[in-house]
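An overview of the molecular structure
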Amino acid sequence: MGIGFLKPPEATQGGPGSPGIIPAMPRRYDHVDLRVRSLDEVHEFYTSLLPALGFRHKVDVKGWLQFEAVESGGATEFFGVTESARHVPNECRIAFWAESTNEVDRLVEIAVRAGARNVEGPGYDEDPGYYAVFFEDPNGNRLEICHREAGAK
């Protein structure tokens, strides 16, 4: 089953100015705001990985390591990393999409060279057509890079 969108009551009921259909959003998120115990420990990792993932524009913000994805219309999504000395990694995972299985393979090589830990894969996981690699940043935050072939869940 595909991704569903919650509709406001007036949209589902055909209320004022609404034909009952909500247009697709041009972006799915604005930013990721990730905490780490030590910016020094993860600096090389994210400085290598984020540009390879498409976050190519480094932004200087005091206390942050931040990269933006920049399109022709200007900045879009961004990924920011900041220090929180008491941060404890948990079971949350951030998954990045890749355009192909070859791209997953290329990106995991970059992640490993940059200091990724506990690497699992890459390979087909869960369902046929879902190719992924799972790993942690140097502070233990869980990450994934995946590619879904047409029809994969």
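Summarised in this report is the structure supplied together with it.

Rules and cut-offs
Residues numbered from 1 in each chain as written. Predicted model: local features only at pLDDT ≥ 70, side-chain atom pairs only at ≥ 80, totals over all residues. Heavy atoms only, no water. Helix = DSSP H or I, 4+ residues; strand = E, 2+ residues; numbered from the N terminus. Buried < 20%, exposed > 50% of the residue type's maximum accessible area, 1.4 Å probe, protein only. Contact = heavy atoms within 4.5 Å. Pairing = 2+ DSSP bridges. Axes fitted to C-alpha atoms, helices over the stretch in contact; angles between N-to-C directions. Salt bridge = Lys/Arg side-chain N within 4 Å of Asp/Glu carboxyl O. Phe/Tyr/Trp six-rings, centres within 6.5 Å; stacked < 30°, edge-to-face > 60°.

**So, the overall build of the protein**
Along the backbone of the protein there are three helices and eight strands. Within the protein, buried positions represent 40% of all 153 residues. Summarising the internal contacts of the protein: among those between residues at least 6 apart in sequence, 52% fall at separations of at least 24.

**Digging into the sheet that holds strand β5 (residues 93-97)**
Sheet strands associate in pairs through backbone hydrogen bonding, adopting either a parallel or an antiparallel arrangement. Strand order in this open sheet of four strands is β5-β8-β7-β6, and the pairing throughout is mixed. For this open sheet the edge positions go to β5 and β6 (117-124), each flanked by a neighbour on one side alone. Direction aside, the axes of adjacent strands within the sheet are offset by 15° on average. Alignment of strand β7 (residues 130-136) against strand β8 (residues 142-148), held across seven bridges, turns out to be antiparallel. Residue Y130 lies in a different strand from β8, and its bridge partner there is R148.

**What about the pattern of salt bridges?**
What the rule picks out here adds up to five salt bridges. Put simply, E103 and R106 hold a salt bridge, and the shortest N to O gap is 2.8 Å. Of this pair, E103 and R106 both sit in helix α3 (residues 101-114), three residues apart, which is roughly one turn of the helix. What makes E103 partly exposed here is its relative accessible area of 23%.

**Here we look at the environment of R37**
Tracing the backbone shows R37 in the loop between β1 (31-36) and α2 (39-52). For R37, a relative accessible area of 32% puts it in the partly exposed group. When the C-alpha positions of R37 and N139 are compared, they lie 6.6 Å apart, and in sequence the two are 102 residues distant. For R37, the residues in contact, after removing those within four places along its chain, are E83, S84, A85, H87, P89, P138 and N139.

**A look at the environment of V61**
Locating V61 in the fold gives a position in the loop between β2 (57-59) and β3 (64-71). Overall, V61 belongs to the partly exposed group, its relative accessible area being 33%. Separated by 21 residues in the primary sequence, V61 and T82 have C-alpha atoms spaced 9.9 Å apart.

**Things to note about the packing of aromatic side chains**
Going through the model one piece at a time under the given rule, you end up with seven aromatic pairs. Centroid distance F55 to F96: 6.4 Å. Interplanar angle 75°. Geometry classified as edge-to-face. Separated by 41 residues along the polypeptide, F55 in the loop between α2 and β2 and F96 in strand β5 bring together distant segments of the chain. Side by side, F55 and F96 carry an identical accessibility label, which is buried. A network of ring pairs unites the aromatic residues F45, Y46, F55, F79, F96 and F135 as a single cluster.

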